[in-house]
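Each chain is listed here by its residues.
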Amino acid sequence: MIRWLLVIFIAVIVFSSALPWLEKLGIGRLPGDFRFKLFGKVFSLPFASTILISTVVFLLARFL
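Residues numbered from 1 in each chain as written. Predicted model: local features only at pLDDT ≥ 70, side-chain atom pairs only at ≥ 80, totals over all residues. Heavy atoms only, no water.

The name an unreviewed UniProt entry gives the protein is DUF2905 family protein, with Glaciimonas soli as the organism.

Visitor: Go over the overall build of the protein with me, naming the residues and quoting the values.
Guide: If you tally the helices and strands in the protein, you get 3 helices and 2 strands. Helices and strands appear in the protein in the N-to-C order α-α-β-β-α. Overall, the protein is about 45 × 30 × 20 Å in size when its C-alpha atoms are taken along their principal axes. With 64 residues in all, the protein has 20% of them scored as buried. When the accessible surface of the protein is totalled, it reaches about 5300 Å², and 76% of it is carbon and sulfur. (Helix = DSSP H or I, 4+ residues; strand = E, 2+ residues; numbered from the N terminus. Buried < 20%, exposed > 50% of the residue type's maximum accessible area, 1.4 Å probe, protein only. Areas by Shrake-Rupley, 256 points an atom, 1.4 Å probe, with all protein chains shown as cover.)

Visitor: So what's going on with the layout of surface pockets? Residues and values would help.
Guide: The volume enclosed by the largest pocket comes to roughly 170 Å³. Together, W4, V7, I8, A11, I51, S54, T55 and F58 line the largest pocket. Every element with two or more residues in the lining of the largest pocket is listed here: α1 (2–17) and α3 (47–63). (1 Å grid on protein atoms, 1.4 Å probe; cavity = no way out; pocket = protein on both sides within 12 Å on 5 of 7 lines; lining within 4 Å. Points joined across faces, edges and corners; volume = space filled by probe spheres on them.)

As C-alpha cells, this is what we get:
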C-alpha cells in the first residue's frame, strides 16, 4: 500500500511538471484535478489525471 502511495506521489510530481504539454491533450482538466493560485503563481495538482494514466499504464503492462 505504501509503495502505491509513493508511486502516485511521484507520478503527481512528474505530471505536474509536464502539465503544460499534457493540457493540449486534455489531461489536467478532469474533475479531481485541482488548480489554485497562491502568491500570483498557479499551482496544479492533477490527481484524477494521474490515477487515469497510472491505470492505463498498469493495464498495458499487465496485458502485454
